[in-house]
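Chain by chain, the residues:
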Amino acid sequence: QLRLVESGGGLVQPGGSLRLSCATSGRTFSNYAMGWFRQASGTEREFVAAVSRYGTYYNDNMKGRLSISRDNAKNTVYLQMNSLKPEDTAVYYCAARPGVRSKTASDYDYWGQGTQVTVSS
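Residues numbered from 1 in each chain as written. Predicted model: local features only at pLDDT ≥ 70, side-chain atom pairs only at ≥ 80, totals over all residues. Heavy atoms only, no water.

> What is the right way to read the state of the cysteines from this model?
As used here, a disulfide is simply a covalent bond connecting the sulfur atoms of two cysteines. Summed over the entire model, instances satisfying the criterion amount to one disulfide. A disulfide bridge connects Cys-22 with Cys-94, and the sulfur atoms are separated by 2.1 Å. Here the S-S torsion is close to -80 degrees, and the disulfide linking Cys-22 with Cys-94 is therefore left-handed. On the criterion of sequence distance, the pair formed by Cys-22 in strand β3 (residues 18–25) and Cys-94 in strand β9 (residues 90–98) is long-range, its members being 72 residues apart. Exposure remark for Cys-22: the relative accessible area of 0% places this residue in the buried category. (Disulfide = S-S within 2.5 Å. Helix = DSSP H or I, 4+ residues; strand = E, 2+ residues; numbered from the N terminus. Buried < 20%, exposed > 50% of the residue type's maximum accessible area, 1.4 Å probe, protein only.)

Below, the structure written as structure tokens:
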């Protein structure tokens, strides 16, 4: 069982930045592709970014404002978000799957509890 715990969410003004973290435990972190998804109220879960040993994926609509990275020594994945907009308001979830990265939520086996990001003035 791989456990995931997100942190770093909060209230930020439009144009601001946040860095989300997802700490993992229980399995060999480096064996897993890690993804970030988000879900706004009343909408479906949406892909944000993913990283594995083979590279990264980004949501095309958010590309340029995001940076995903991982620290295998700390068993943690990060999501840096810049130039935040009110429409970025959502619960952000960290997810993990063995092997290659994916943009599809159903491909992921493990999920964190989510962290709320609110972009508002």
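> I keep staring at the nonpolar core and nothing clicks. Help me out?
Where a protein is soluble and globular, its nonpolar side chains tend to be buried together. Counting residues in hydrophobic clusters, the biggest one holds 28 residues, and the most contacted among them are Met-34, Trp-36, Val-77, Leu-79, Met-81 and Tyr-92. Where this core is concerned, the elements lending two or more residues are β3, β4 (32–39), β5 (46–52), β7 (66–71), β8 (76–81), β9 and β11 (115–119). Here the element with the most residues in this core is β9; it accounts for four residues. Grouped together as the second largest cluster of nonpolar side chains are five residues, Phe-37, Phe-47, Ala-50 and Tyr-108 included. (Core = buried A, V, L, I, M, F, W, Y, C linked by side-chain atoms within 4.5 Å.)

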